[in-house]
Protein chains: 2
Amino acid sequence: MTQLRLEPLTAAAFAPFGDVLDATGDFRLINAGLCHRHHDLARIDTGDARAGISIFSAEARALPYDFDLLERHPEGSQAFVPMTQHPFLVIVAPDAGGTPAAPRAFITNGAQGINLHRGIWHGVLTPLGAPGLFAVIDRIGTTPNLEEYRFSAPWCVLA
Amino acid sequence: MTQLRLEPLTAAAFAPFGDVLDATGDFRLINAGLCHRHHDLARIDTGDARAGISIFSAEARALPYDFDLLERHPEGSQAFVPMTQHPFLVIVAPDAGGTPAAPRAFITNGAQGINLHRGIWHGVLTPLGAPGLFAVIDRIGTTPNLEEYRFSAPWCVLA
């Protein structure tokens, strides 16, 4: 089983895959100075369909974490905003001619969401603490908008 | 000073103002049964502009809480997703001929976001615990998209 080491989630490291949604970087002061607005951080792309907000409630996983399945959404981006302060695991992979190349495993710092760009290979939602509650901003359409790929051997994300 | 009592945030009570975003109600099982998807809960309305995701970091407030200012966004809806499990205060008011009527003060249960419908009078973002971190899904445009109204006397939300 091939082992993956956790990488801290940073905007620079994650740039090939999507956007990091957090309160670092530039902001506008609003509400009489009592609120920082970090403006328009996600490249939302839902093609000819609209964006919607759904709530996901996912079972918490533990490290080490084994997986062999990745998926991607060819028709739209998908953002995950954690509704708790627990770090979560973000598994992504570059594409290599229609199937995923070697995956990478990022871990959030508890104050970050992500927006996966359209067509990026990624693992299923993997919270590391309960309740695994997330707001998901993605394409609302009538097509399946899903491709799955199963590796011939599993990968293991180390603790 | 006129006093307001807290009301628990429920979908039924909040329906005149917007949507409650939470993991109650119907869902689809996804990810081999390990995730519930509560699908498409928000009536996003951004007119002729696009929706975007911003991160707000707001100063925590305490109860009792006094306010005299409400605002509304005539050109679009605005959703607030808390990134922590702290309850937050949601102040809204019906419209009465272009200015707000008597406000109401809802409190979330720590696992709820909201989507304010277009044009609904509301108070500024008022977390009740630090860090007051929220993802905001609203209209990204070039117009001010803001009306403010200041009451002649303040309102007080009781503890």
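Keep in mind it's a predicted model, so treat the numbers as computed, not measured.

Rules behind the numbers
- Residues numbered from 1 in each chain as written.
- Chains lettered and ligands numbered in written order.
- Predicted model: local features only at pLDDT ≥ 70, side-chain atom pairs only at ≥ 80, totals over all residues.
- Heavy atoms only, no water.
- Phe/Tyr/Trp six-rings, centres within 6.5 Å; stacked < 30°, edge-to-face > 60°.
- Helix = DSSP H or I, 4+ residues; strand = E, 2+ residues; numbered from the N terminus.
- Buried < 20%, exposed > 50% of the residue type's maximum accessible area, 1.4 Å probe, protein only.
- Least-squares fit on C-alpha atoms with pLDDT ≥ 70 in both.
- Contact = heavy atoms within 4.5 Å.
- 1 Å grid on protein atoms, 1.4 Å probe; cavity = no way out; pocket = protein on both sides within 12 Å on 5 of 7 lines; lining within 4 Å.
- Points joined across faces, edges and corners; volume = space filled by probe spheres on them.
- pLDDT = per-residue confidence, 0-100.
- Nonpolar A, V, L, I, M, F, W, Y, C, P; charged D, E, K, R; others polar.
- Buried area = accessible area lost by both parts, 1.4 Å probe.
- Salt bridge = Lys/Arg side-chain N within 4 Å of Asp/Glu carboxyl O.
- Pairing = 2+ DSSP bridges.
- Axes fitted to C-alpha atoms, helices over the stretch in contact; angles between N-to-C directions.
- Polar contact = N/O pair within 3.5 Å; in protein donor to acceptor, adjacent residues only side chain to side chain.
- Core = buried A, V, L, I, M, F, W, Y, C linked by side-chain atoms within 4.5 Å.

**Topic: the packing of aromatic side chains**
Two aromatic rings, taken as a pair, are described by how far apart their centres are and by the angle between their planes. Scanning the model with the defined rule gives 18 aromatic pairs over all chains in all. Between the aromatic rings of phenylalanine 14 of chain B and phenylalanine 106 of chain B, the centroid separation amounts to 5.6 Å while the plane-to-plane angle is 85°, which identifies the pairing as edge-to-face. In this pair, phenylalanine 14 of chain B sits in helix α1 (residues 11-14) while phenylalanine 106 of chain B sits in strand β12 (residues 104-107), placing the two residues 92 residues apart along the sequence. By relative accessible area, which is 0% here, phenylalanine 14 of chain B ends up buried. Given the relative accessible area of 0%, phenylalanine 106 of chain B is considered buried. Ring geometry for phenylalanine 88 of chain B versus phenylalanine 134 of chain B: centroids 4.9 Å apart, planes at 80°, classification edge-to-face. One end of the pair, phenylalanine 88 of chain B, is in strand β9 (residues 88-93); the other, phenylalanine 134 of chain B, is in strand β16 (residues 132-140), and 46 residues separate them in sequence. The buried category is assigned to phenylalanine 88 of chain B, whose relative accessible area is 2%. Each member of the aromatic cluster is reached from another via a ring pair, and the members are Trp121, Tyr149, Phe151 and Trp155 of chain A.

**Considering the relation of the copies chain B and chain A**
Each of the two chain copies can be generated from the other by rotation about an axis followed by a shift along it. Mapping chain B onto chain A is achieved by rotating through 180° and translating by 0.0 Å along the same axis, at an RMSD of 0.0 Å. A rotation of that kind, with that shift, is consistent with a two-fold axis. Both copies contact each other with a shared surface, as 100% of the interface residues of chain B are interface residues in chain A too.

**A look at empty space enclosed by the protein**
All names here are of chain B. Per the counting criterion, the structure on display carries two cavities of 30 Å³ or more. Within this model, the largest cavity holds a volume of roughly 90 Å³. Lining of the largest cavity is provided by 13 residues; of these, Leu89, Val90, Ile114, Gly123 and Val124 occupy positions nearest its centre. Among the secondary structure elements, those contributing two or more residues to the lining of the largest cavity are β9 and β13 (113-116). Ranked by residue count, the leading element in the lining of the largest cavity is β9, at five residues.

**Description of the confidence of the model for chain A**
Averaged over every residue, the pLDDT of chain A is 97; the share at 70 or more is 100%. Reported confidence for the predicted complex is 0.97 by ipTM and 0.97 by pTM.

**Looking at the layout of surface pockets**
Taken as a whole, the largest pocket spans an internal volume of roughly 730 Å³. Ile30 and Asn31 of chain A together with Glu71, His73 and Leu146 of chain B are the residues nearest the centre of the largest pocket, which is lined by 34 residues in total. Top contributing element to the lining of the largest pocket by residue count: strand β7 (residues 65-72) of chain B, with six residues. Taken together, the residues of the lining of the largest pocket break down into twelve nonpolar, twelve polar and ten charged. In this structure, the second largest pocket spans a volume of roughly 580 Å³.

**So, the interface of chain B and chain A**
Of the residues lining the interface, 46 residues belong to chain B; the matching set on chain A comes to 46 residues. Between chain B and chain A, the buried area comes to about 3,600 Å², and carbon and sulfur atoms account for 60% of it. Between the two partners, chain B and chain A, sit four salt bridges. In this structure, aspartate 138 of chain B engages arginine 37 of chain A in a salt bridge whose closest nitrogen and oxygen atoms are separated by 2.9 Å. With nine residues, strand β6 (residues 50-58) of chain B is the largest single contributor of residues to the side of chain B that touches chain A.

**Comments concerning the sheet that holds β13 of chain B**
Strand order in the open sheet made by the seven strands is β4(A)-β5(A)-β6(B)-β16(B)-β8(B)-β13(B)-β3(B), with antiparallel pairing throughout. Strands with a single pairing partner mark the edges of an open sheet, and in this sheet they are β4 (28-30) of chain A together with β3 (18-21) of chain B. Going across the sheet, the axis of each strand differs from the next one's by a mean of 25°, ignoring polarity. In this structure, β3 of chain B lies alongside β13 of chain B, joined through four bridges in antiparallel fashion.

**Here's the deal with the environment of threonine 108 of chain B**
Residue and element names in this part refer to chain B. By secondary structure assignment, the location of threonine 108 is in the loop between β12 and β13. Take threonine 108: its relative accessible area is 5%, and that puts it in the buried class. Sequence separation between threonine 108 and proline 87 is 21 residues; the distance between their C-alpha atoms is 4.9 Å. If sequence neighbours within four positions are ignored, threonine 108 has contacts with Leu9, His86, Pro87, Phe88 and Val90. Of note is the side chain of threonine 108, whose polar atom sits 2.8 Å from the backbone nitrogen of phenylalanine 88.

**Here's the deal with the side chain of asparagine 115 of chain B**
You can see asparagine 115 of chain B is positioned in strand β13. A polar contact is formed between the side chain of asparagine 115 of chain B and the backbone nitrogen of alanine 79 of chain B, at a distance of 3.5 Å.

**Observations regarding the nonpolar core**
Residues Ile53, Val81 and Ile137 of chain A together with Ile53, Val81 and Ile137 of chain B are the most contacted members of the largest nonpolar core, which totals 22 residues. Of all the secondary-structure elements, those providing two or more residues to this core are β6 (50-58), β8 (78-82) and β16 (132-140) of chain A together with β6, β8 (78-82) and β16 of chain B. For isoleucine 137 of chain B, the contacting residues outside a window of four places in its chain are Ile53 and Ile137 of chain A together with Ile44, Ala51, Gly52, Ile53, Ser77, Gln78, Ala79 and Val81 of chain B.

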